[in-house]
Structure formats: structure tokens, C-alpha cells
Amino acid sequence: MGAFDWFWKALGAQSERNDTRSKQVVTRAEDLLSELSALDDATLAQRARALAVDGEITDKSEFLAILSVAATRTLDMTPFTVQSQAVLRLLEGDVIQMATGEGKTLAGAMAATGFALTGKRVHVITVNNYLAGRDAEWMSPLVSFFGLSVAAVTEKMSADERREAYLCDVVYAPVNEIGFDLLRDNQITDRSQQVQAPGDVALVDEADSVLVDEALVPLVLAGSVAGSQSTGEITAAVGALKEGRHFTVDGDRRNVFLTDSGAAEIERRLGIDSLYDGEHAGNVLVRVNLALHARALLIRDIHYIVDDGKLALIDASRGRVADLQRWPDGLQAAVEAKEGLTVSDGGRILDQITLQALMSRYPAICGMTGTAVEAVNQLREFYGLRVSVIDRNRELARIDEDDLVYAGVAEKNVALVERIAAIHETGQPILVGTHDVAESEYLAEALRARDIEVAVLNAKNDEEEAGIIAHAGERGRVTVSTQMAGRGTDIRLADGVAELGGLAVLGTSRHRTARLDNQLRGRAGRQGDPGLSIFFVSLEDDVVVTGRGDIAVSAQPEEDGQIPTRKIREFVEHCQRVTEGQLLTIHAQTWKYNKLLADQRIILDERRAALLDTDRAVQELSARAPERAAELAGLPPEALAHAARQIMLFHLDDEWAEHLALMDDVRESIHLRAIAKETPIDEYHRIAVREFKDLAQRAVDKSVDTFRIARITAEGVELGEGLARPSATWTYMVSDNPLSGGGSGALATMESFFS
Ligand code: ADP
């Protein structure tokens, strides 16, 4: 793609040197192949081990060559030169860009094996359970060749199975499972309960999705609490407000704002002085806004349904009822209150971590993706990672047509359907990438009306999905899919399809980043296959509307609505660059909020580890309450140490959960106050630092109190009234911030764990 050639050159001498050097290493490796191929398995494995000295590889060429021979013997795949280059760059800690279908799975497994040979435990991070399982099994002969162990961690596995899997040298796992296990491990009260053995290296598949696009998605661990707060009063107050006078909703119904008179009305009804000031203002204000959001923006039968007295969310991107999903607690409760349902036990957030914070915990990260170049800035800024572009094994034979730009969506859709029908006539398979379910359904209907059979991909099951995708390269197939990003299964052309021009990929509009466009495009033209890609754009598309700012377009469309000029195409690209810039700014801003809590959590973990692994708890409590320690002197020392540990860990974790809840409220209210021209982030930091400073001390003070009154026997400790750990915990992932995105922020609860 011409646009990045200059860019890549501009990255300068550093990467070119790397490139030249890497190529020399790989060339030498290939020269060694025939000699090494003569050796038996055991000798090869032993030589590879001998090349890893103190975690470093002494002869990279020979090392690569051995990995290559092992791949041939175990997997019946002889790595291409470009794959060996990829392996080398991965071992040096880069994110490599390799196009779809170029064989990232093998390259990643070779690199993971390489790291493991140097004594490092590798987490190969996949985008879903299906791929973790598939790749671990597929690549296992290669890893085992060297006497190393490999396993997958997937959603359905029990704690014991996970514990065993994590002990392997190479562990394939989806990123959310790794995060959930970490969160659960941060609640243990005895080392033997720990599930995850930490990884030394994270090798991230679809690195740009995980490290950039989803970086700020929080993984949440929640626990049951008895009784939930009453939201009835606030719901009633908000229910009495009038749209227009007390609150306003913006044009696309994504945001709702309380007016001054609305605020006054709420204050009057709740009998409080001010929503914006005072000690508990933040909390009430947040709940008022949640109730308002629930009332004005979330619509029954569009965003959720009420079934059997319970709320069921509709997953906007998939258009079906999302089992076991929740909105963040406050919002879920607000909608339940609005519908007059029993407010469910929302639970209490015990801990949470963003993917970015999770990934930042690894001592070393490397990754692979088809589209890294456009994420160079983010990868460097957020993770200090460099990007290496790996050449294609065979030259790209795909034709990327210029965008077709239309004045309006309606004209665009007509043209799109016409084009699909025309291509379909020839038998060439077509993959259409749409933005949401509504669009894919509309399109599927329009095509069926013309007797074109369509497979619509919005299944929830990754395995099924992989199956549909695998058939998408057959003659005459038309597949309409939402969100092709990170689907991770490649589309092979069936016999005779290459002669028809290969797979045709049509995009229904540009995405908010060029990277996502290229992920879609990359579905066609794998391994030198022919292919075609075209994006249809209208000036009414989100990306154009968001990115255009005040720029007016004066171009005169042709009769069919098309504006076939270079200028308009450049304008669309400009709009996309603007939206990309906006996303980057939001990311950097949001990360500032998250980073502080992530750092605090790491400090807390050190304290936790000390309590878990030493007798510090009993020492501290005995020093603070010697009279109580004397009373308990008759107990076996181990029982007392155990009880002290339980008490101190309980209060430490409890204080942390309180801290998270408080900071969440602060953040929401600061965001709302930002309108009043305060400097939100500084204010937030000030409060977070102040609150955290007292946290450890408060936890100790409360532990001393508990120590004095708790019933402690040789059998254990009863913490006392209201001081129990949650009887059940569950995990979920917040896929979007529902307060900023039209209510589609569904959450996926993965599993229920009983502790
Ligand atoms: P990517 O993840 O980069 O899109 P995959 O890892 O899924 O690509 O590989 C695409 C296909 O190419 C797979 O079916 C794999 O079996 C095949 N493949 C990869 N490397 C080789 C090789 N060196 N020799 C033969 N086939 C290969």
C-alpha cells in the first residue's frame, strides 16, 4: 500500500538496520538447514537448549534453523523465509506485521518455543477461546519436540485444570481469561489457592486489537453482597422530569443532559441543597445521571427486553438477546427500577483491571497482527514496542479499488446491492463487512429479494463462526458479516475460484480507523491469491460526519449519487484521520485515569503478598493488640497466624473495593463537573493519592478491631457480622462505556465461581 511506504522509510535507519541484520541471520539459518536436517530429534533438541545461555541465544541462526527443522518434522510445514524473519523479530520483542494468511500461527509458536527454550514462560494471547484451544493443540507437537509443555486455558476449565495448564512452558489463552484468573488470584487467602503462574513473556495475537482497540476495556470481578441500595426515590424524581425543560437529549440520542432547572427540580424532590456540592454530591449525581440515562436513552425492546420479570439485554452488535450480560451495576439497577422490577443483586465490584494494565504487567511483550503499522504510535507510546513489517511470502495480487463515494446512504446502498449482484453473477465469492447488525440484516434482506443466497454472520459461537468463514471462499458464496476484526480464521479459496478473481471483499463504509479497513481488506489476497477490495462510502456515514468538523462539501453528485473525484476521496481519508486522532486522544486521556489505579493496585499486591507469604499479619496484630494476643496464646501458632492472615487480607481487599467504588464515583462526578471548568484529571489524582495513602492504615486499624472481637479457635476464624467474603464471585467484561455510547455497552458474564 503506497501510503505506508514513505511512512515506513521515515521510521529511519534503526529499523532498516534491524531489517538488514535480521535478513542476514535468516539467510545463514537457511544455509544451515541441510546440515541440521541430518541430525536426529534428540540431538536437535539438545543443541537448541545448549544455544540458550542465561536467557540469551548465542547463535540465532542455528537456533532458528533448528526451530525450522522441528516444524517440518512435527507439523509438516517448512517455515517460509518470511516466517523465520518474523520469529526472529518476535524473539527480539517487536510487534510484527504480517498479512492475513501468511502463517502467523506457526511463526508465533516457533517464537514461543524459542522463548520457552531460554527458560521463560510464555503466554500466547489469543482473541478467543476457540483459537486458544485450536492453536495449542495444532502447535503442540512442535513445542513438545523440545521436551517443553504446552496447554490452553479456556473459559470452561475448572480452577484445578487451569492451575495445571498455567504451569506449562507455553500457555495459549484468551486475554480475558488471563485477566479474570489474575483478578481471582488477587483475592486468595492462601497461596495454595493461586491458579495462575505468572508469565514472563506475552506474545499477543491480533496485537493491535488487544493492545490498542480494546486496551481500555475493564475486566471486572464482582462479588455478591446482601441487600442493594434503594434507587426508587431517585427513579421517581427522574421520572417526573420533562424532556426539553428538565433535560435535553442530543441529536443522535447518545447523550442526555440535565438542565439547570432539571437539577433544581431533582434537588427539590430529593430534599438536598445541591447536586453538585457537598459531601455525597458525587454519589447522588452519578445515580441521577444513571437514572436519566436509563429513562431517556435506553428503550425497551431495542436495548433490552423484559422477560419473566427480568431484564435481558440485547447485544447491539449481534442483535440478539445476550445471555448473562449486564450493564455496569448502577445502570442495570437504574433500568430495573425504571421498569419496576426487583432490583437484582448487582454485586459489588471487588477488583478490576484494564487490558492495558494487564498487559503492562508482563516483563516482556511482543505481538503479531496484519495491521500494526497504523498503530505504531500507540504501541510505542503505551508499551514501548517497535513494529517490524515482514514481507509477504508471495506478492500481493489483490486489487484494491478506489473508494466509491456517494452523497447519501440510500444511493450508496443501491449501488452496493447492484455491485454485489453483478459480482455474484460471475460466481466470485463475496464477503461484505458491515458495521452493525441492523445494516447486515438490511443488506441480507435486499439481497434475498434479488434471489441471492446470503450467509449472515452474527453468531455468538466462535467455533461456528470459524466454520462459516471457512466456507466463505467457495464459488457463489455471499457472506455478510459484522466486525471481521480479530476473527482469526483465514478464508481459503475453493477450487476454480482463483480463476474467477478470488474473494471480493466489500466494505459498507470506512471504519473509524484505517487499520480496521485493512483488516477487512486483508481477508482477500492471502498467499498471493487474486482478490478484490472496494469500500463504499457515503457523506452521511458516521466516520465522515464525525470527522468533517465544519468543512462543507460542495461537490455535485452524478445522477446515481456518486461523487467520483479524487478530491472527495481525499476528504473521506481526512475525516478518517480526524476520527483516528480523536480515538487516540480519548485513549491517552482515559489511560491517565486508569494508570494511577493500576499502579496503586501493584503496590497493594506487594502488601498482599507479604501478608500471604509471611507471618507479618500475626506479628502486626499482636503488636497492636497484645492483650488479645495473650488471650489467644493457647492456640497452635499456625492457627493463630492463619486467622490473623484471614482478618488482614479481608480488610485490605475490602478497603480496596471501597477505594475502587469511591474513585468510580469521583470520576463520574468529575467528568460531570468538568463543565464547570475544573481540571478533572488533577483533581482526580489528588483525591486518589490522598485516599490511597490512608487505605493501608485503615485496613490495619479495622483488622485490629476485628482481631479483638472475632471468634478465633484452632478450627479457624469467624470474622463477625457483615464481614464475610462474598459467597459467590463472577467476572465480566465491560465492552463499551454505556454512558457514552447509546446504551449498547453490554457486558458479558463469563462464568460463575463459588469460592
Ligand atoms: P494468519 O494467522 O497469518 O492469517 P495462519 O497461521 O492461519 O495465518 O496460516 C494460514 C494457513 O497457511 C494455514 O492453513 C497454515 O496451515 C498455512 N501455512 C502457514 N505456514 C505454512 C508453511 N510454512 N507451509 C505450508 N503451509 C503453511
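Residues numbered from 1 in each chain as written. Predicted model: local features only at pLDDT ≥ 70, side-chain atom pairs only at ≥ 80, totals over all residues. Heavy atoms only, no water.

Named according to an unreviewed UniProt entry, the protein chain is Protein translocase subunit SecA originating from Corynebacterium doosanense CAU 212 = DSM 45436. We quote the UniProt Function (unreviewed entry) comment for the protein chain here in full: "Part of the Sec protein translocase complex. Interacts with the SecYEG preprotein conducting channel. Has a central role in coupling the hydrolysis of ATP to the transfer of proteins into and across the cell membrane, serving as an ATP-driven molecular motor driving the stepwise translocation of polypeptide chains across the membrane." Of the comments in the UniProt record for the protein chain, the one headed Subunit (unreviewed entry) reads "Monomer and homodimer. Part of the essential Sec protein translocation apparatus which comprises SecA, SecYEG and auxiliary proteins SecDF. Other proteins may also be involved." (UniProt positions renumbered as here; feature names shortened; annotations may be inferred.)

Asks: When you look at the environment of leucine 416 in this model, what are you seeing that I'm missing?
Replies: Mapped onto the secondary structure, leucine 416 falls in helix H17 (residues 409-425). You can call leucine 416 buried: its relative accessible area is 0%. Considering only alpha carbons, one finds leucine 416 and leucine 443, 27 residues apart in sequence, at a separation of 9.0 Å. Those residues within four positions of leucine 416 in sequence are excluded, and the remaining contacts are Leu443, Leu506, Thr508 and Phe536. (Helix = DSSP H or I, 4+ residues; strand = E, 2+ residues; numbered from the N terminus. Buried < 20%, exposed > 50% of the residue type's maximum accessible area, 1.4 Å probe, protein only. Contact = heavy atoms within 4.5 Å.)

Asks: I keep staring at the confidence of the model for the protein chain and nothing clicks. Help me out?
Replies: Any segment with low pLDDT has predicted coordinates that should not be analysed in fine detail. Averaged over all residues, the pLDDT of the protein chain equals 86, while 87% of them reach at least 70. Residue range residues 1-5 is modelled with pLDDT below 50. Its contacts to residues more than four positions away, or to other chains, number seven contacts. In the predicted structure, residues 735-755 sits below a pLDDT of 50 and forms 73 contacts with residues beyond four places in sequence or in another chain. (pLDDT = per-residue confidence, 0-100.)

Asks: When you look at the sheet that holds strand S3 (residues 95-97) in this model, what are you seeing that I'm missing?
Replies: Within a sheet, adjacent strands bond to each other through the backbone by hydrogen bonds, running parallel or antiparallel. If you walk across this open sheet you meet the seven strands as S5-S6-S4-S7-S15-S3-S16, and the pairing is parallel. Single-partner strands in this sheet number two, and they are strand S5 (150-152) and strand S16 (387-389). When the angles between neighbouring strand axes are averaged without regard to direction, this sheet yields 20°. One ladder, built from five bridges, connects strand S7 (residues 201-205) with strand S15 (residues 364-369); its direction is parallel. Opposite valine 204, over in S15, you have glycine 367 as the bridge partner. (Pairing = 2+ DSSP bridges. Axes fitted to C-alpha atoms, helices over the stretch in contact; angles between N-to-C directions.)

Asks: Is there a simple way to explain the environment of glutamine 196 in this structure?
Replies: Assignment of secondary structure puts glutamine 196 in the loop between helix H9 (175-185) and S7. By relative accessible area, glutamine 196 is classed as buried at 9%. Setting aside residues up to four positions removed in sequence, glutamine 196 forms contacts with Tyr166, Ile178, Asp181, Leu182 and Asp185.

Asks: How should the nonpolar core be read in this particular structure?
Replies: As a rule of thumb, soluble globular proteins bury nonpolar side chains together. Phe63, Val87, Leu142, Phe146, Val170 and Tyr172 are the most contacted members of the largest nonpolar core, which has 55 residues in total. In contact with valine 87, other than residues within four places in its own chain, are Leu64, Leu67, Ala107, Met110 and Ala111. Ala197, Val204, Leu219 and Val373 belong to the second-largest nonpolar core, a separate cluster that totals 45 residues. (Core = buried A, V, L, I, M, F, W, Y, C linked by side-chain atoms within 4.5 Å.)

Asks: Help me understand the side chain of serine 538 in this model?
Replies: Looking at the element boundaries, serine 538 is found in strand S23 (residues 530-538). Of the polar contacts made by the side chain of serine 538, one reaches the backbone nitrogen of glutamate 540; its length is 3.0 Å. Look past the residues within four positions of serine 538 in its chain and what remains in contact with it is Tyr406, Ala407, Gly408, Val409, Lys412 and Val544. (Polar contact = N/O pair within 3.5 Å; in protein donor to acceptor, adjacent residues only side chain to side chain.)

Asks: Sorry if this is basic, but what is going on with helix H4 (residues 60-75) here?
Replies: Residues separated by three or four positions in an α-helix point in the same direction, a consequence of the helix having 3.6 residues per turn. Counted at 1.5 Å a residue, the expected span for H4 with its 16 residues is 22 Å, and the 22 Å between its end C-alpha atoms agrees. Counting buried positions along H4 yields 12 of 16 residues, so the element is predominantly enclosed. Taken as a whole, H4 has its buried residues at Ser61, Glu62, Phe63, Leu64, Ala65, Ile66, Leu67, Ser68, Val69, Ala70, Ala71 and Leu75. Its side-chain oxygen 3.1 Å from the backbone nitrogen of serine 61, aspartate 59 forms the N-cap of H4. One or two steps after H4, the chain reaches aspartate 76, where phi turns positive at roughly 60°. (Expected span 1.5 Å × (residues − 1).)

Asks: I'm lost on the site of the ligand in this one. Help?
Replies: Contacts to the ligand come from 16 residues, most closely from Thr78, Gly101, Lys104, Thr105 and Arg492. One of the backbone nitrogen or oxygen atoms of threonine 78 is found 2.9 Å away from a nitrogen atom of the ligand. Glutamine 83 is positioned such that a nitrogen or oxygen atom in its side chain is 2.9 Å from a nitrogen atom of the ligand. In isolation the ligand exposes 570 Å². Once the protein is present, 82% of that is buried. (Near = heavy atom within 4 Å. Areas by Shrake-Rupley, 256 points an atom, 1.4 Å probe, with all protein chains shown as cover.)

Asks: Honestly, the pairing of strand S19 (residues 430-434) in this entry has me stumped. Any pointers?
Replies: On a regular strand, one side chain projects to one face of the sheet and the next to the other, so that they alternate. In terms of burial, S19 is a largely internal element, five of the five residues being buried. Of the two faces of S19, the one holding Ile430, Val432 and Thr434 and the one holding Leu431 and Gly433 are both buried throughout. The sheet contact formed by S19 and strand S21 (residues 478-482) spans five bridges and is parallel. From the neighbouring strand, glycine 433 faces S21, where its bridge partner is serine 481. Where S19 and strand S22 (residues 503-507) come together, four bridges link them in parallel fashion. Paired with isoleucine 430 across the two strands is alanine 504, which belongs to S22.

Asks: What exactly am I supposed to notice about the side chain of asparagine 128 here?
Replies: Relative to the elements of secondary structure, asparagine 128 occurs in the loop between strand S4 (122-126) and helix H7 (129-145). Residue class for asparagine 128 comes out buried when judged on its relative accessible area of 11%. At 3.2 Å, the side chain of asparagine 128 and the backbone nitrogen of tyrosine 130 are in polar contact.

Asks: Please explain the pairing of S7 as it appears in this structure.
Replies: Among the five residues in S7, five count as buried, and that is most of the element. Bridging between S4 and S7 involves four bridges; their strand directions are parallel. Pairing of valine 122 across the sheet is with valine 201, part of S7.

Asks: Where do I start with the packing of helix H5 (residues 81-91) against helix H6 (residues 104-117) in this structure?
Replies: A packed helix pair is summarised by two numbers, namely the angle formed by the two axes and the spacing between the axes. Two elements in contact, H5 and H6, have axes separated by 9 Å at closest approach and are oriented at 45°. For the element pair H5 / H6, the angle class is oblique. Viewed along their axes, H5 and H6 form a crossing whose handedness is right-handed. Mapping the contact onto sequence places Gln83, Ala86, Val87, Leu90 and Leu91 in H5 and Leu106, Ala107, Gly108, Met110, Ala111, Gly114 and Phe115 in H6. Residue composition of the contact of H5 with H6, grouped by class: nine nonpolar, three polar and no charged. (Parallel < 35°, antiparallel > 145°, perpendicular 65-115°, else oblique. Left-handed = near helix turned anticlockwise from the far one by under 90°. Nonpolar A, V, L, I, M, F, W, Y, C, P; charged D, E, K, R; others polar.)

Asks: Looking at this model, I keep getting lost on unusual backbone geometry. Mind explaining?
Replies: Most of the time, phi is negative for any residue but glycine, and the peptide bond is trans. The phi angle at aspartate 76 is positive, at roughly 60°, despite the residue not being glycine. Considering the arrangement of structural elements, one finds aspartate 76 in the loop between H4 and H5. Assessed through its relative accessible area of 69%, aspartate 76 is described here as exposed. If you check the backbone angles, glutamate 206 has positive phi at about 50° while not being a glycine. Structurally, glutamate 206 is set in the loop between S7 and helix H10 (207-213).

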